[in-house]
Amino acid sequence: MIRLFKVKEKQRELAESANGKTPIKKQSAGELRLHKDISELNLPKSCSISFPSGKDDLMNFEVTIRPDEGYYLGGTFLFSFQVSPIYPHEAPKVKCKTKVYHPNIDLEGNVCLNILREDWKPVLNINTIIYGLFHLYTEPNSEDPLNHDAAAVLRDHPKLFESNVRRAMAGGYVGQTLFPRCI
């Protein structure tokens, strides 16, 4: 039975090349699932998705988040997504490309979000991750930090944390670290 499918596929490829068409690349299961996830996206109005390498490369894309409430109101934050061919059995790799003063995002852009690590399940999707990232900006979590300094300030001195966030978003220093303007 399997041989029959291989013969049919070979015949189709030969027919396409004889017609001058380039053979169609077969999509992996991960690409098919990702295509479904992207077509069903229901993003908040403050989030958008783009494909810097073009629509042919669905496995690498960017998401922009512009929080409309909370400490990060008015900021623009860019995230890169790299999706594995075995998605959804492995969570996408997500990095924040905007340097940000945040308890759950370190200065290298690594993101501390439970559904990207130990709580990932194949039933979760890209929409869930984007809402999780959006939630990090509306409700930063000082209990599970990557940036321990920012988490301590948020926990112990919320007004100072708010001031630090505003200074960082305006393109200033927080401690010894210079942040690029993102508002």
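Bear in mind that the values here come from a model prediction, so they are computed numbers and not experimental data. (Residues numbered from 1 in each chain as written. Predicted model: local features only at pLDDT ≥ 70, side-chain atom pairs only at ≥ 80, totals over all residues. Heavy atoms only, no water.)

A closer look at the sheet that holds strand β1 (residues 47–50)
Now for step 1: Ordered by their spatial adjacency, four strands build an open sheet running β1-β2-β3-β4, and the pairing between neighbours is antiparallel. For this open sheet the edge positions go to β1 and β4 (93–96), each flanked by a neighbour on one side alone. Going from strand to strand, the sheet's axes swing by 25° on average, the running direction of each strand aside.
Now for step 2: Packed onto the sheet, helix α3 (residues 126–138) meets β1, β2 (60–65), β3 (77–82) and β4 and runs at close to 150° relative to β3. (Pairing = 2+ DSSP bridges. Helix = DSSP H or I, 4+ residues; strand = E, 2+ residues; numbered from the N terminus. Axes fitted to C-alpha atoms, helices over the stretch in contact; angles between N-to-C directions. Contact = heavy atoms within 4.5 Å.)

Points about the nonpolar core
Now for step 1: F79, F81, V111 and L133 are the most contacted members of the largest nonpolar core, which has 44 residues in total.
Now for step 2: If you list the elements that add at least two residues to this core, you get α2 (29–39), β2, β3, β4, α3, α4 (148–156) and α5 (158–169).
Now for step 3: The element that contributes the greatest number of residues to this core is α3, accounting for seven residues. (Core = buried A, V, L, I, M, F, W, Y, C linked by side-chain atoms within 4.5 Å. Buried < 20%, exposed > 50% of the residue type's maximum accessible area, 1.4 Å probe, protein only.)

Thoughts on the packing of α4 against α5
Now for step 1: One way to put it is that α4 packs onto α5 with a least axis distance of 5 Å and a crossing angle of 135°. The orientation of α4 with respect to α5, classified from their angle, is oblique. Here A150, V153, L154 and D156 of α4 come into contact with α5, specifically with P158, L160, F161 and N164.
Now for step 2: Residue composition of the contact of α4 with α5, by class: six nonpolar, one polar and one charged. (Parallel < 35°, antiparallel > 145°, perpendicular 65-115°, else oblique. Nonpolar A, V, L, I, M, F, W, Y, C, P; charged D, E, K, R; others polar.)

Let's talk about the UniProt feature "active site" (unreviewed entry) in the protein chain
Now for step 1: Per the UniProt record, "active site" (unreviewed entry) is found at C112.
Now for step 2: Tracing the backbone shows C112 in the loop between β4 and α3.
Now for step 3: Non-local contacts of C112, meaning those with residues more than four positions away in its chain, are made with N104, R117, L136, D144 and L146. (UniProt positions renumbered as here; feature names shortened; annotations may be inferred.)

As for the pattern of salt bridges
Now for step 1: In total, this model carries eight salt bridges according to the counting rule given.
Now for step 2: For E62, the salt bridge identified is with K97, shortest N-O distance 2.7 Å. One end of the pair, E62, is in strand β2; the other, K97, is in the loop between β4 and α3, with 35 residues separating them in the sequence.
Now for step 3: A relative accessible area of 14% places E62 in the buried class.
Now for step 4: In this structure, R117 and E118 form a salt bridge, with 3.2 Å as the shortest nitrogen-oxygen distance.
Now for step 5: A relative accessible area of 39% means that R117 is categorised as partly exposed.
Now for step 6: The class for E118 is exposed, based on a relative accessible area of 54%.
Now for step 7: What emerges from the salt-bridge pattern is a single network uniting R117, E118 and D144. (Salt bridge = Lys/Arg side-chain N within 4 Å of Asp/Glu carboxyl O.)

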